[in-house]
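Understanding the architecture of this molecule
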Amino acid sequence: MEMFYYLVFGALGAVVAAVELSKTSKDRSNTTSAFNSFKNNYVLVYSLMMAGDWLQGPYVYYLYSQYGFGKGEIGQLFIAGFGSSMLFGTIVGSLADKQGRKRACVTYCIAYILSCITKHSPQYKVLMLGRILGGIATSLLFSSFESWLVAEHNKRGFEQQWLSITFSKAVFLGNGLVAIISGLFGNVLVDTLALGPVAPFDAASCFLAIGMAIILSSWSENYGDPSESKDLLTQFRGAAVAIASDEKIALLGAIQSLFEGSMYTFVFLWTPALSPNEEDIPHGFIFATFMLASMMGSSLASRLMARSSPRVESYMQIVFVVSAASPASHFDHLPTKEKGGSISFAGCIQVLGFCAFEACVGIFWPSIMKMRSQYIPEEARRTIMNFFRIPLNIFVCIVLYNVNAFPITIMFGMCSIFLFVASLLQRRLMIISEKPKTEDWTSLKERDTEADPLNI
């Protein structure tokens, strides 16, 4: 393996260690033993869930290509995943609010395990079924667990500010350390032990099964709105009222869709972008390097959120601007004339740009979780969060559907534009969040309910 990868990995590791070791008492909060026990249990489960997801990440595109599928066919498989997340995600989200978030988390484990099993088949239809199951699972992963955490945190009477501690720790470990280890472990399974590109998916199933056992044995159930019995249409209507009547919620949804849409486009494009002429690159190690950069970002976010200034709404403007500039590193990367071989110098520059983007992703996750806990009403949290995923999945599906119509450079340029727009919307969110609170969506919902006896 080239020395370049080791140098980048070592440099990022040194920065993360320096940031963590330099933390002072101002960067930490005094908590109770009960909260620490609750936090550690959630972080353990979340880390296992993310291990099941991260182990698959570096090898999805590679596995499909090994089965002989081209970029267009692989793009259609990815569209199936995002499309199922859009179509079924909102429905299962509403059911989770009504039937219970714990059940939704268990459903995530089962759906993703089944998705991993389908990777053993080279049949396109079977792989398509796996992508559909994976899309449903992804929707559950990025909303049910957070919804369960927020509701359980409040039910147990813990201080609201402690939520940011759990968020940052979960992202630091689950989206950082676990992702790094998963990338390295996948590299060992595929390259060192030569078990084939399906091996990481089998390992992912094992971690998901362990996490599901812990959920079943230690988590209690909670619901979106236990005081009322609502059908799906009523829940959708309540979520729509919340988004339409509160500009902060609408802005938050737009920001999340723009950033995550660009992020998922990057997930699809980074493999062909770094090996445009079939250069020999260590997928698992590069993925681990990206995750180390993300870990560095989440560590910085932890320090920022532990202080009263700057506010999350303020520093996220800078994060979005930096993330918009990061994909521009691809503009200088031209394919080599010879097939195979090692990564080019321009490819090395691109890796550094991608690492900067991943650092922004690391800051984004705990920060967006913090803002969602502040602005999204608990009554319909799960449904609203899946509403946010509708424009996200439409955006990604459009990009992947046209993956053969535009050069990779154009698609990265589109991502940069969307990320810059996200920075403008973030500035608007910061401005209106500083204004005195007026009539919120809950009062509008109650007033609307009184005027419409059919909702009783």
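Residues numbered from 1 in each chain as written. Predicted model: local features only at pLDDT ≥ 70, side-chain atom pairs only at ≥ 80, totals over all residues. Heavy atoms only, no water.

Description of the overall build of the protein chain
For clarity, the cut-off: By the criteria applied, helices consist of DSSP H or I runs no shorter than four residues and strands consist of E runs no shorter than two, each listed in order from the N terminus. Throughout, a contact is declared for two residues whenever any of their heavy atoms are within 4.5 Å.
Within the protein chain, the secondary structure is distributed over 17 helices and zero strands. Nonlocal contacts in the protein chain, meaning residues at least 24 apart in sequence, comprise 87% of its contacts between residues at least 6 apart.

A few points about the pattern of salt bridges
Heads up, the rule is: Should a side-chain nitrogen of Lys or Arg be within 4 Å of a carboxyl oxygen of Asp or Glu, the pair is scored as a salt bridge. The buried label goes to any residue with under 20% of its type's maximum accessible area, the exposed label to any with over 50%, and the partly exposed label to all in between, with areas taken from a 1.4 Å probe on protein chains only.
Throughout the structure, instances matching the rule amount to eight salt bridges. Its salt-bridge partner being glutamate 152, residue lysine 155 comes within 3.3 Å of it at the nearest N-O pair. On the criterion of helical spacing, the pair formed by lysine 155 and glutamate 152 is a turn pair, its members being three residues apart in helix H7 (residues 144–155). For arginine 311, the salt bridge is made with glutamate 313, and the minimal N-O distance between the two is 3.3 Å. Relative accessible area serves as the criterion here: at 31%, arginine 311 is assigned to the partly exposed category. Through salt bridges that share partners, Glu152, Lys155 and Arg156 make up one connected network.

Quick word on the environment of glycine 196
Within the element layout of this structure, glycine 196 appears in the loop between helix H8 (163–192) and helix H9 (199–218). It is 10.0 Å that separates the C-alpha atoms of glycine 196 and glycine 186, two residues lying ten residues apart in sequence. Leave out the neighbours within four places in its chain, and glycine 196 touches Leu189 and Val190.

Section: empty space enclosed by the protein
Empty pockets left among the atoms are what a rolling probe the size of a water molecule brings to light. How we decide: The definitions used throughout rest on a 1 Å grid laid over the protein atoms alone, on which a cavity is an enclosed set of points accommodating a 1.4 Å probe that cannot get out and a pocket is an open set flanked by protein within 12 Å on both sides along at least five of seven lines; lining residues are those having an atom within 4 Å of a point. Grid points are joined across faces, edges and corners, and a volume is the space filled by probe spheres set on the points. Put simply, Ala, Val, Leu, Ile, Met, Phe, Trp, Tyr, Cys and Pro go in the nonpolar bin, Asp, Glu, Lys and Arg in the charged bin, and everything else, Gly too, in the polar bin.
Under the definition given, this model contains two cavities of 30 Å³ or more. Its volume calculated, the largest cavity comes out at about 690 Å³. Together, 38 residues line the largest cavity, and Asp53, Gly57, Tyr112, Tyr264 and Val267 are the ones closest to its centre. The dominant element in the lining of the largest cavity, judged by the number of residues it contributes, is helix H11 (residues 247–274), at seven residues. Along the lines of polarity and charge, the residues of the lining of the largest cavity split into 20 nonpolar, 13 polar and five charged. Put simply, the second largest cavity is a space of about 80 Å³. Every residue lining the second largest cavity is listed: Tyr42, Tyr46, Leu141, Phe142, Phe145, Glu146, Gln256, Glu260, Trp365, Met369, Arg372 and Arg389. Among the elements of the structure, helix H2 (33–54), H7, H11 and helix H14 (345–375) are those that each provide at least two residues to the lining of the second largest cavity. Element by element, the count of residues in the lining of the second largest cavity is highest for H14, at three residues.

With respect to the nonpolar core
Burial of nonpolar side chains together is a common tendency in soluble globular proteins. Put simply, the rule reads: As used here, the term nonpolar core means buried Ala, Val, Leu, Ile, Met, Phe, Trp, Tyr and Cys residues forming a set that is joined through side-chain atoms within 4.5 Å.
In terms of nonpolar packing, the biggest core is built from 139 residues, with Met49, Tyr108, Phe145, Phe290 and Met316 touching the most fellow members. By residue number, the principal contributor to this core is H14, which donates 15 residues. When sequence neighbours within four positions are dropped, the list of residues in contact with phenylalanine 290 reads Phe266, Trp270, Leu274, Val351, Phe354, Cys355 and Glu358.

A word on the packing of aromatic side chains
Heads up, the rule is: Ring geometry is summarised as follows: Phe, Tyr and Trp rings, the Trp one being its six-membered ring, pair when their centres sit within 6.5 Å, and such pairs are stacked at plane angles under 30 degrees, edge-to-face over 60 and tilted between the two.
Counting across every chain of the model gives 33 aromatic pairs. Judged by centre distance (5.4 Å) and plane angle (65 degrees), the rings of tyrosine 6 and phenylalanine 285 are edge-to-face. With tyrosine 6 in helix H1 (residues 3–21) and phenylalanine 285 in helix H12 (residues 283–305), this residue pair connects regions lying 279 residues apart in the sequence. Overall, phenylalanine 285 belongs to the buried group, its relative accessible area being 9%. A centroid spacing of 6.4 Å and a plane angle of 10 degrees characterise the contact between tyrosine 42 and tryptophan 148, whose relative ring orientation is stacked. Note that tyrosine 42 is positioned in helix H2 and tryptophan 148 in helix H7, a separation of 106 residues in sequence. Using a relative accessible area of 4% as the deciding quantity, one classes tyrosine 42 as buried. With relative accessibility at 1%, the residue tryptophan 148 sits in the buried group.

Considering the packing of helix H13 (residues 312–325) against helix H16 (residues 408–433)
How we decide: Only the contacting stretch of a helix is used when fitting its axis, a line to C-alpha atoms as for every element, and angles between N-to-C directions run 0 to 180 degrees. Roughly parallel means an angle under 35 degrees; roughly antiparallel, over 145; roughly perpendicular, 65 to 115; everything else is oblique.
Here H13 crosses H16 at 170 degrees, and the two axes come no closer than 8 Å. Relative to H16, H13 is oriented roughly antiparallel. Residue-level inspection shows Val312, Glu313, Ser314, Met316, Gln317, Phe320, Val321, Ser323 and Ala324 of H13 in contact with H16, the latter providing Ser416, Leu419, Phe420, Ala422, Ser423, Gln426, Arg427, Leu429, Met430 and Ser433. Its residues assigned to classes, the contact of H13 with H16 shows ten nonpolar, seven polar and two charged.

A word on the packing of H2 against H7
With their axes 12 Å apart at the nearest point, H2 and H7 run at an angle of 175 degrees to one another. With respect to each other, H2 and H7 are oriented roughly antiparallel. Counting all contacts with H2, which are made through Phe35, Phe38, Tyr42, Val45 and Met49, the residues of H7 involved are Phe145, Glu146, Trp148, Leu149, Glu152 and His153. Among the residues making up the contact of H2 with H7, the classes are represented as eight nonpolar, one polar and two charged.

Thoughts on a nonpolar patch on the surface
Put simply, the rule is: Here, patches come from residues exposed beyond 30% relative accessible area and free of salt bridges, joined within 9 Å for like charges and within 5 Å for nonpolar side chains (Val, Leu, Ile, Met, Phe, Trp, Tyr). Note on areas: Shrake-Rupley, 1.4 Å probe, and residue coverage restricted to the protein chains presented here.
Together, Leu177, Ile181, Phe185, Val188, Leu193 and Leu195 make up an exposed nonpolar region whose accessible area comes to about 510 Å². Tracing the backbone shows isoleucine 181 in helix H8. On the basis of relative accessibility, which here comes to 48%, the residue isoleucine 181 falls in the partly exposed class.

Focus: helix H5 (residues 101–118)
Note the threshold: Helix span is expected to be 1.5 Å times the residue number reduced by one.
The terminal C-alpha atoms of H5, which comprises 18 residues, lie 26 Å apart, in line with the 26 Å expected from a rise of 1.5 Å per residue. Most of H5 is tucked away: 13 of the 18 residues are buried.

Here we look at the confidence of the model for the protein chain
Quick reminder of the rule: The predictor's confidence in any single residue is recorded as pLDDT, a number from 0 to 100.
Mean pLDDT over the protein chain works out to 83, with 86% of the residues at or above the 70 mark. In this model residues 332–337 is a low-confidence stretch, pLDDT under 50, and it forms 13 contacts with partners more than four residues away in sequence or in other chains. With pLDDT under 50 throughout, residues 447–456 is counted as low confidence; its partners more than four residues away or in other chains account for six contacts.

Observations regarding H1
Heads up, the condition is: The reported arc concerns the directions from the helix axis to the C-beta atoms and nothing else.
With 19 residues, H1 extends 27 Å from end C-alpha to end C-alpha; this agrees with the ideal 27 Å at 1.5 Å per step. Considered for burial, the residues of H1 that qualify are Phe4, Tyr5, Val8, Leu12, Val16 and Val19. Mapping the buried residues of H1 onto a view down its axis gives an arc of 105 degrees, with all of them on the same face. When the buried face of H1 is taken as reference, the exposed residues oriented beyond 90 degrees from it are Met3, Leu7 and Leu21. Residues of H1 that are buried sit in contact with H8, H12 and H14.

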